[in-house]
Amino acid sequence: MNELNDFLTHLLIERGLSPNSHEAYRRDLTSYRNHLDRRGIASFSDATRQDVQGFIAYLRRRGLAPSSIARHVSAVRIFHRFLIGEGLATADPTEHVRVPKQPRRLPVVLSREEIRTLLEQPDHTTSLGLRDRAILEFMYATGLRASELLDFRRPDLLFETGLARIFGKGGKERLVPVGRQAINVIRNYLHKVRPVLASSKSGELLFLNARGGRLSRMGLWKIMDTYVELAGLEKKVSPHTMRHSFATHLLEGGADLRAVQEMLGHVDIATTQIYTHVDREYLKDVYTRYHPRG
């Protein structure tokens, strides 16, 4: 297991992986190690292409989705390339191994009207209602990931310039504009609510839970679920849906794809291009609805 520990340390220190990504690698590669143990293979360097294919077959038997299997295989492939780079192996057993094809699914996106309805749901007469409105406005205004929202610090919202300094995957920094409406709602939250919620464990976190600590992922999901239900939305909505909607509405409005890529913090523009497909669906819907022969 020394090679695996070295690799995980490499991911954490040299590649600056987030704790969530690091844990996913650890979990997937531990599963791979257990698979090799069952086949009597003591060293990672002794693994063959057949062993990797057997691992894929094992994951299929467990009923994992193609996306989860692809993630496992990606972790195994990167790990074996690390071993070769460190001189701990001479062959890559993942070479020519096919990853299961994943069905291409367009992300769930809320319409502008659905977003408006969702944002109107929090109760402005309560502290937590004001906080929740600020959270929803900020998510839609910036398109930040759930983890980025939970870790966002007060000093990183630059009110004077209307920008948010966001630290994304691998600690990469990007600047994203924040609209006036979101700025005003957050000012209100900072003035009326955050001082009431704040405690010794609050630090500089922007959004706090009812006990003054960091909001959890589950807490954020519950907030979303509450207002999605109140808004009567029938779509399957998650915190990431706000990010999808942010990107799609920008492109529908004519935003440049590379500008949207920068705001989302995508390394590869191909990741951002999924939203051009969503945009096409929107255009087809408009055409069907309004063209005389649509």
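Predicted, not measured: the structure shown is a model, and the values here were computed from it. (Residues numbered from 1 in each chain as written. Predicted model: local features only at pLDDT ≥ 70, side-chain atom pairs only at ≥ 80, totals over all residues. Heavy atoms only, no water.)

Caption draft 1: A look at the environment of Leu157. Topologically, Leu157 is positioned in strand β1 (residues 157-158). Residue classification places Leu157 among the buried positions, given a relative accessible area of 4%. Along the chain, Leu157 and Thr271 lie 114 residues apart, while their C-alpha atoms are 26 Å from each other. Excluding residues within four positions of it along the chain, Leu157 makes contact with Phe138, Phe152, Leu163, Ala164, Val178, Ile183 and Ile186. (Helix = DSSP H or I, 4+ residues; strand = E, 2+ residues; numbered from the N terminus. Buried < 20%, exposed > 50% of the residue type's maximum accessible area, 1.4 Å probe, protein only. Contact = heavy atoms within 4.5 Å.)

Caption draft 2: Quick look at the packing of helix α1 (residues 2-13) against helix α2 (residues 19-38). At a minimum axis distance of 10 Å, the contact between α1 and α2 shows a crossing angle of 160 degrees. As summarised for this structure, α1 and α2 are arranged roughly antiparallel, according to the angle between their axes. The chirality of how α1 crosses α2 is right-handed. Across the interface between the two elements, Leu4, Phe7, Leu8, Leu11 and Leu12 of α1 pack against His22, Tyr25, Arg26, Leu29 and Thr30 of α2. Looking at the contact of α1 with α2 residue by residue, the class counts come to seven nonpolar, two polar and one charged. (Axes fitted to C-alpha atoms, helices over the stretch in contact; angles between N-to-C directions. Parallel < 35°, antiparallel > 145°, perpendicular 65-115°, else oblique. Left-handed = near helix turned anticlockwise from the far one by under 90°. Nonpolar A, V, L, I, M, F, W, Y, C, P; charged D, E, K, R; others polar.)

Caption draft 3: Quick look at the pairing of strand β2 (residues 163-167). Side-chain alternation along β2 places Ala164 and Ile166 on a buried face and Leu163, Arg165 and Phe167 on a face that remains uncovered. Where β1 meets β2, two bridges bridge the pair, whose relative direction is antiparallel. When the sheet's bridge partners are listed, Leu157 is paired in β2 with Ala164. Here β1 folds back onto β2, and the loop between the two strands holds four residues, one of which, Gly162, carries a positive phi near 65 degrees. Where β2 and strand β3 (residues 173-177) come together, five bridges link them in antiparallel fashion. If you follow Arg165 over to β3, its bridge partner there is Leu175. (Pairing = 2+ DSSP bridges.)

Caption draft 4: Seen up close, the pattern of salt bridges. Within the structure shown, the criterion is met by 19 salt bridges. In this structure, Asp28 and Arg71 form a salt bridge, with 2.7 Å as the shortest nitrogen-oxygen distance. Of this pair, Asp28 sits in helix α2 while Arg71 sits in helix α4 (residues 66-85), and the two are 43 residues apart along the sequence. Judged by relative accessible area, which is 2%, Asp28 ranks as buried. Residue Arg71 is classed as partly exposed on the basis of its relative accessible area of 36%. Measuring nitrogen to oxygen at the nearest pair gives 2.7 Å for the salt bridge that ties Asp156 to Arg165. (Salt bridge = Lys/Arg side-chain N within 4 Å of Asp/Glu carboxyl O.)

Caption draft 5: Spatial organisation of the packing of aromatic side chains. Evaluation of the coordinates by the stated rule reveals 10 aromatic pairs. Between Phe44 and Phe79, the ring centres sit 4.7 Å apart and the planes meet at 85 degrees, which makes this aromatic pair edge-to-face. Of this pair, Phe44 sits in the loop between α2 and α3 (49-61) while Phe79 sits in helix α4, placing them 35 residues apart in sequence. When its relative accessible area of 2% is taken as the criterion, Phe44 is described as buried. Each residue in the set Phe7, Tyr25, Tyr32, Phe44, Phe55, Tyr58, Phe79 and Phe82 is aromatic and connected to the rest through ring pairs, giving one cluster. (Phe/Tyr/Trp six-rings, centres within 6.5 Å; stacked < 30°, edge-to-face > 60°.)

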